[in-house]
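Chain and residue survey
Here's the letter readout for the chains.
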Amino acid sequence: MTTPDATPGDAPTHVPADALADAPGDAPADVSAQAPAGVPAAASADASGDALAGAPADSSAGAPADVSRDGPADGPTRAPDRPRAETPVAPRQDPSGEAPDSTPADASCGTPAGAPTAAPGGAPAAPRAVPPPEPSPEPSPADPDGAPSLLPVATGRQTRARLRVALRGRWGALWAALAALVLDSCLSLAGPVAIGRITQAVTDHRGSGALVWPVGLLAGAAVAGALTGWAATVLLARVVLTVTGRLREDAVAAALVLPVDTVETGGTGDLVARVSGDTDRVSEAASGALGDFAAAALTILAALAGLAALDWRFAVAGLLAVPLQAYTLRWYLRTSRPLYAAGRTAEGGRASALLGAFTALPTLRALRLGPGRHARVAAASRDAMAYEFRAARAATRFYGRLNLAEFTGLSAILLAAWWLVRTGRADIGAATTAALFFAGLFDPVNILLGTFDSVQRAAAALARIVGVTLHAPDPARGTRPSGPGSRPGTGVVVRGVRHRYGDGPDVLHGIDLDLRPGRRLAVVGATGSGKSTLAALIAGTRPPSAGSVTLDGVPTGDLARPGADGDRRIALVTQEHHLFPGTLADNLRLASRGAPDSALEAALAAVGAADWAAALPDGLDTVVGRGGGIRLTARQTQQLALARVLLLDPEVVVLDEATAEAGSDTARGLDRAALAVTEGRTAVVVAHRLSQAATADTVLVMEDGRVTERGRPDELRAAGGAYARLWESWARGRR
Ligand SMILES: Nc1ncnc2c1ncn2[C@@H]1O[C@H](COP(=O)(O)OP(=O)(O)OP(=O)(O)O)[C@@H](O)[C@H]1O
């Protein structure tokens, strides 16, 4: 008969299902198993545990392809065009302003591509506003079923502060770009002046010599305008690409260290939409709106000054359009402002629904659940498209009303011109110039007002991007002791920890524990007693709902921040392991970027993986994983995860990884590997097999989220309590 004190290596038998955690397939609510669905690939590495609670420095290698590809290194693929040229234009409309039944050409991309095209002198881009059903900037649920709410959205103040930081070192280029745009706008006024003078010369039957300077003015202004426009475009592109690149980089970095709870609640689709679609939206709007706004504002000011210089009555006539324009703008802002946030949120919901369906594809196929999921995606899509349609309607009304204002102003100018010419107070040339000045205002006024739309959209997108960073660990923290036991060497201290998932009931009810450096703690208990939750809280991948978990006084959640001194102090290995596309060596170097081959081989040997690794066709350079690589078994993947921990070399290791059938060779091998990994470190081991608890310094027995027993394994067995019963049951199973 095997003695109960057998070492893990001797522990051949099966742990009764009722005594210990279930086999993986049965694990009903495994924390790490849920993480990947809610975490971007690289982040899921953290969460799911090969999961270096702090491996973000390397995790970029595993960042979602679309995220890394869009990253600042490459920048948005399309350099911003010269803003004015890029601004799409709306059709001149009947002053009634009712929308044609404009259907977004590409509803899937989230932006009504159906922005109407221009007529000569047409209004600027029909705003792509998305009127919401109710004027609330609060995010709506990500899931069309309405379960979780999305990630947070930053306030105006938080967004502005972040933008200032991102603009650091770029203010000079920004001002130079604006100056070039201002000059460009001034030059655009040369046209009406020249044409007015030409008209007057023709009316006065003057010789061709009178046309020289107006024609020269036109030509000179055209050349100079091309140069200033080019300069503005280049400078603005530099600023915009840099700033949006920084914002995106920050958002991705923050996403990688977001607490798992936050990502699970917010939805991966929303996260991806923020770091890709929203940054593109900000980039596009910034490159267009900034330049357009400055150019339009100056053109308007100059034209009004020009009208007044011709005759003050021209200016007064032109200003008659202003009240109508102001009213239109006010109406539009009130209508559309709250809608952008809701529209973007609906897009996030659509992305989440799609991503959810794709990630669950094998299950959906196996269980023939496709139609149900399809209906869900369709509902999310309809929701997002409804915003698009309503946005297009609001936009066309907006431009229709602006057209009415222009009609009013131009009529007044022409009446004034008629009267002034008739009474001899102005000549035909001046009247022509005045009419052209005013007609030249159509575009700038519409651009100026339409820019509010772009700015609003960009602001909504920016607030969402910055929102991603709000829940990330504070960059200033991570090394600063702030919790109980704030002295180096105090180890892991857990105080009054409670935890709940979302709005559910507490699953941990006030846990306290102290784990001195170098000590080994085993956590045992039945399925659902809270072992994995406690492990995740200790590793810092989930923040506790109440209480604190610290390592030498520093909250363990802060230690996950990339680049922090502490980002490699704790590693978590869970039951879910991720193989990143690439070679075996790539997968190992996630934990230690510059590690030589010899170090990788030593780590593999320590976890019992040397033989199969050496047998791979190209050794460490063998491509593994999905996408054409050699598929590794669950055990091999698990060994890789443990080898990564050795390479990471953390002070504290949290193991919640045993999935192998107790008593099997695999289980014995993994037990030995786990022992090697915990050697010389502070260790928390969720003991799915009691063989893992036998070698611990302290055993914690959990029941229903509470610690019911704690002590040395032999003491607890002798005490005849819960642990002794578990042990008896386990030992019986081994006989
Ligand atoms: N992501 C989650 N969302 C909601 N509830 C969860 C989640 N993860 C765990 N729970 C619940 O929290 C409680 C504790 O679960 P936990 O996984 O921590 O227990 P455990 O002892 O580790 O179980 P096991 O041994 O099966 O892994 C259970 O009631 C479980 O249903």
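To keep things clear, this report deals only with the structure shown in the data block. Predicted model, so just to flag it, every value in this text is computed and none were measured.

It is worth spelling out helix H19 (residues 597-606) at this point. Turning to H19, its buried residues number three or more, namely Leu600, Ala603 and Leu604. Projection of H19 onto a plane perpendicular to its axis shows the buried side chains occupying an angular sector of 100 degrees, all on one side. Check the buried side of H19 and you find it contacts helix H18 (584-589), helix H20 (610-614) and helix H21 (634-648). Count one or two residues on from H19 and you reach Gly608, which has phi positive near 75 degrees.

Pairing in this open sheet of 4 strands is antiparallel, and the strands run S4-S3-S6-S7 from one edge to the other. The open sheet has two edge strands with one neighbour each: strand S4 (506-515) and strand S7 (554-555). Examined bridge by bridge, strand S6 (residues 546-551) and S7 share 2 bridges and lie antiparallel to one another. Across the sheet, Leu551 pairs through a bridge with Val554, a residue of S7. Across the face of the sheet, helix H17 (residues 531-539) comes into contact with strand S3 (492-500), S4 and S6 while running at roughly 55 degrees to S4.

Excluding glycine, residues mostly have negative phi values, and the peptide bonds linking residues are mostly trans. In this model, Asp552 sits at a positive phi of 50 degrees, which is unusual for a non-glycine residue. Looking at the secondary structure, you find Asp552 in the loop between S6 and S7.

Let us now look at the pattern of salt bridges. Under the counting rule described, the total for this entry stands at 13 salt bridges. Between Asp514 and Arg495 there is a salt bridge, with the nearest N and O atoms lying 3.0 Å from each other. Of this pair, Asp514 sits in strand S4 while Arg495 sits in strand S3; the two residues are 19 residues apart in sequence, bridging distant segments of the chain. According to the relative accessible area criterion, Asp514 is partly exposed, its value standing at 45%. Arg495 gets classed as partly exposed once you look at its relative accessible area, which sits at 31%. Connected through salt bridges with shared partners, the residues Arg498, Arg500 and Asp506 form a single ionic network.

Conventions adopted
Residues numbered from 1 in each chain as written. Predicted model: local features only at pLDDT ≥ 70, side-chain atom pairs only at ≥ 80, totals over all residues. Heavy atoms only, no water. Buried < 20%, exposed > 50% of the residue type's maximum accessible area, 1.4 Å probe, protein only. Helix = DSSP H or I, 4+ residues; strand = E, 2+ residues; numbered from the N terminus. Arc of directions from axis to C-beta. Contact = heavy atoms within 4.5 Å. Pairing = 2+ DSSP bridges. Axes fitted to C-alpha atoms, helices over the stretch in contact; angles between N-to-C directions. Salt bridge = Lys/Arg side-chain N within 4 Å of Asp/Glu carboxyl O.

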